[in-house]
Amino acid sequence: MTAATETAPHAGAAPSEFPAGFRWGAATAAFQVEGALDADGRTPSTWDTFTAVPGRVHGEHRADVAVDHYHRYREDVALMAELGLNTYRFSVSWPRVQPDGRGPANPKGLDFYSRLVDELLANGIDPMLTLYHWDHPQVLQDAGGWADRDMAQRFADYAGLVAARLGDRVPLWVTLNEPWCTAFLGHASGIHAPGVADDATTLAVAHHLNLAHGLGVQALRAALPASAQVSIALNPAPVRTRGTSPADLDAVRRADALRNRIFFDPLLRGAYPADLIADTAHVSDWSFVRDGDLATAAVPIDVLGVNYYTPLYVAGGEGPADPYNRWVGSEGLVHVAPAEGPATIHGQVDAGGLRELLNRIRHDYGPVPIMIAENGVSYPDQLGPDGRVDDVGRVDYLHAHLAALHDAITDGVDVRGYVMWSLIDNFEWVYGYSQTFGLIHVDRATQRRTIKNSGHWYRGVIAANAIPPLNTPAAG
Ligand code: IFM
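Predicted model, so just to flag it, every value in this text is computed and none were measured. (Residues numbered from 1 in each chain as written. Predicted model: local features only at pLDDT ≥ 70, side-chain atom pairs only at ≥ 80, totals over all residues. Heavy atoms only, no water.)

Thoughts on the sheet that holds strand S5 (residues 172-177)
- On the basis of which strands lie adjacent, the closed barrel formed by eight strands has the order S2-S3-S4-S5-S6-S8-S13-S14 and parallel pairing. Across this sheet, the average inter-strand angle for adjacent strands is 25°, counted without regard to direction.
- The sheet contact formed by strand S13 (residues 370-374) and strand S14 (residues 415-421) spans three bridges and is parallel. Counterpart to Met-371 in the pairing with S14 is Gly-417.
- The strands that helix H8 (residues 179-187) touches are strand S4 (126-132), S5 and strand S6 (229-234); relative to S6, the one it contacts most, it runs at about 35°.
- Across the face of the sheet, helix H14 (residues 392-411) comes into contact with strand S2 (23-27), S13 and S14 while running at roughly 165° to S14. (Pairing = 2+ DSSP bridges. Helix = DSSP H or I, 4+ residues; strand = E, 2+ residues; numbered from the N terminus. Axes fitted to C-alpha atoms, helices over the stretch in contact; angles between N-to-C directions. Contact = heavy atoms within 4.5 Å.)

Put into structure tokens, the structure is as follows:
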């Protein structure tokens, strides 16, 4: 956890091949791309409510139109085909499909995803469907949201509705995306919807999400063909310190519990870490965990989704509040800015952290099959006068992370695929449209799409099932 793993230099080296059948994809999420927030019976989500509050989102940007994927999905699937993707990860908008948060499905909402799935399959692209990427119906939030245990059953019912309609055509299902963000950004620091800041609630929410995942897996298994695979996408991080004091080393342990093990352990071992419960005993008695919950949370999955962006650096001591990392129940633990590496909204670019993280998962939790469900970077891309987006930084980023991924596979980690975040520039939550992660650029005035050079380069990776040397020109 404390030492960075070196990544072998691959620039200019012979191409590194990936295993046969490797999945190559790109991802989006409903609220970030669809727009059409009041179309066809959709009701407001928590993010509709949150973003309507002045001062919450950069530049008062809104997702009402986003990149209009709801209407332009055919064009977007054609671009995916041009990139050569064999997998597209998208999420379903819960309030589109079940506007009241309970009861029957809205057929028009499901129709949209049915059309999208058919379009993907017609283009040879496997759908990878995420059920929950943070946007639940506001009506459920009004009833308590994730702080309320009943939300886990609401999620399972919703999962069953989606599976009943799309289960015949979707081979890979993801229950929740990054429950850490929902619990900690949404309920500890409150910088994400629903904007709650309460430490005890955060721990209950984390548990209700783990329970919802387990109940969701059960609902999916009941409705899906045996061939379908079920997953969850977590966003763990290697936790490091530059210090050597006992307080620094203990900060690593505590941050690792709050960021990583609070999800890994219940899902993969059927128990919460004893040190996490002890560390937070003054915040919560954890009585929200009931008999049988942990067996439900640990119901087997087929693939573990790993979203990787950056390592975390911490130290023992006091410091100013960090809006992204509120360490629930762990006073005397501070997040420290990394000293080197290009800075992005996620922190330091550090490809070696991906290899380190994957080896750690294998070491601590066994040989679970893994899919990289997100990995990517936001840089300030420019559409040039020649009509191209020469995002050389993103090509470097992809090259380095794919090399680290290849190294992890060589180390023995069972990685089945790589899904890049993101397919297309989109609404980056509290950053609005100011942060661009896409392989595809979007002109905000016209919605015109342009494949960036990174997209052309990625197409070469997919075609070769290997990392080409860094200096390979991107055709396009
Ligand atoms: O845009 C987000 C995504 O919704 C969840 N994972 C991180 C991405 C980039 O910040």
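That was the structure; now back to the text.
Section: the packing of helix H7 (residues 150-166) against helix H9 (residues 199-223)
- Direction vectors running N to C along H7 and H9 enclose 30°, while the axes themselves pass 8 Å from each other. Between H7 and H9, the angle is such that the two are roughly parallel. The crossing of H7 and H9 is right-handed. Counting all contacts with H7, which are made through Ala-152, Gln-153, Phe-155, Ala-156, Ala-159, Gly-160, Ala-163 and Ala-164, the residues of H9 involved are His-208, Leu-211, Ala-212, Leu-215, Gly-216, Ala-219, Leu-220 and Ala-223.
- Across the contact of H7 with H9, the residue classes break down as 12 nonpolar, four polar and no charged. (Parallel < 35°, antiparallel > 145°, perpendicular 65-115°, else oblique. Left-handed = near helix turned anticlockwise from the far one by under 90°. Nonpolar A, V, L, I, M, F, W, Y, C, P; charged D, E, K, R; others polar.)

Structural notes on the pattern of salt bridges
- Taken as a whole and judged by the stated rule, the model has 35 salt bridges.
- Where Asp-111 meets Arg-165, a salt bridge forms, and the shortest distance between an N and an O atom there is 2.8 Å. With Asp-111 in helix H5 (residues 107-122) and Arg-165 in helix H7, this pair connects stretches of sequence that are 54 residues apart.
- Classification of Asp-111 by relative accessible area gives partly exposed; the value is 28%.
- Take Arg-165: its relative accessible area is 29%, and that puts it in the partly exposed class.
- Arg-253 is the salt-bridge partner of Asp-279, the closest N and O atoms lying 3.1 Å from each other. Residue Asp-279 is found in helix H11 (residues 274-279), and its partner Arg-253 is found in helix H10 (residues 246-269); the two are separated by 26 residues along the sequence. (Salt bridge = Lys/Arg side-chain N within 4 Å of Asp/Glu carboxyl O. Buried < 20%, exposed > 50% of the residue type's maximum accessible area, 1.4 Å probe, protein only.)

Some points on helix H13 (residues 352-365)
- For H13, which comprises 14 residues, the first-to-last C-alpha distance of 20 Å matches the rise-based estimate of 20 Å (1.5 Å per residue) to within 8%.
- Extensive coverage of H13 is indicated by the burial of 11 of its 14 residues.
- Of all the residues in H13, the buried ones are Gly-352, Gly-353, Leu-354, Arg-355, Glu-356, Leu-357, Leu-358, Asn-359, Arg-360, Ile-361 and Tyr-365.
- Among the residues trailing H13, Gly-366 stands out with phi positive, at a value near 90°. (Expected span 1.5 Å × (residues − 1).)

Notes on the packing of aromatic side chains
- Following the criterion strictly, the structure yields 29 aromatic pairs and no others.
- With 4.9 Å between their ring centres and 40° between their planes, Phe-18 and Phe-22 make a pair best called tilted. As far as the burial class goes, Phe-18 and Phe-22 line up, both buried.
- One aromatic cluster is present, built from ring pairs that chain together Phe-31, Trp-47, Phe-50, Trp-134, Phe-427, Trp-429 and Tyr-433.
- Stacked on the ring of Tyr-313, the Lys or Arg Arg-242 has its end atom at 4.2 Å from the ring centre.
- Above the plane of the ring of Trp-180 lies Arg-259, whose end atom (NZ or CZ) is 4.2 Å from the centre. (Phe/Tyr/Trp six-rings, centres within 6.5 Å; stacked < 30°, edge-to-face > 60°. Lys NZ or Arg CZ within 6 Å of the ring centre and 35° of its normal.)

Quick notes on the side chain of Asp-391
- Counting through the fold element by element, Asp-391 comes out in the loop between S13 and H14.
- Taking the relative accessible area as the measure of exposure, Asp-391 reaches 4% and is therefore buried.
- Within the local environment of Asp-391, its side chain forms a polar contact with the side chain of Arg-394, the two groups lying 2.8 Å apart.
- Polar contacts involving the side chain of Asp-391 include one to the main-chain amide nitrogen of Asn-453, which spans 3.2 Å.
- Setting aside residues no more than four positions away along its own chain, Asp-391 makes contact with Asp-381, Lys-452, Asn-453 and Ser-454. (Polar contact = N/O pair within 3.5 Å; in protein donor to acceptor, adjacent residues only side chain to side chain.)

A word on the site of the ligand
- Close to the ligand lie Gln-32, His-133, Trp-134, Asn-177, Glu-178, Tyr-309, His-346, Glu-374, Trp-421, Glu-428, Trp-429 and Phe-437.
- Here an oxygen atom of the ligand sits 2.7 Å away from a polar atom, N or O, in the side chain of His-133.
- At a separation of 2.6 Å, an oxygen atom of the ligand approaches a polar side-chain atom of Glu-428.
- Protein coverage of the free-state accessible area of the ligand, which is 280 Å², stands at 97%.
- Counted by class, the shell around the ligand contains five nonpolar, four polar and three charged residues. (Near = heavy atom within 4 Å. Areas by Shrake-Rupley, 256 points an atom, 1.4 Å probe, with all protein chains shown as cover.)

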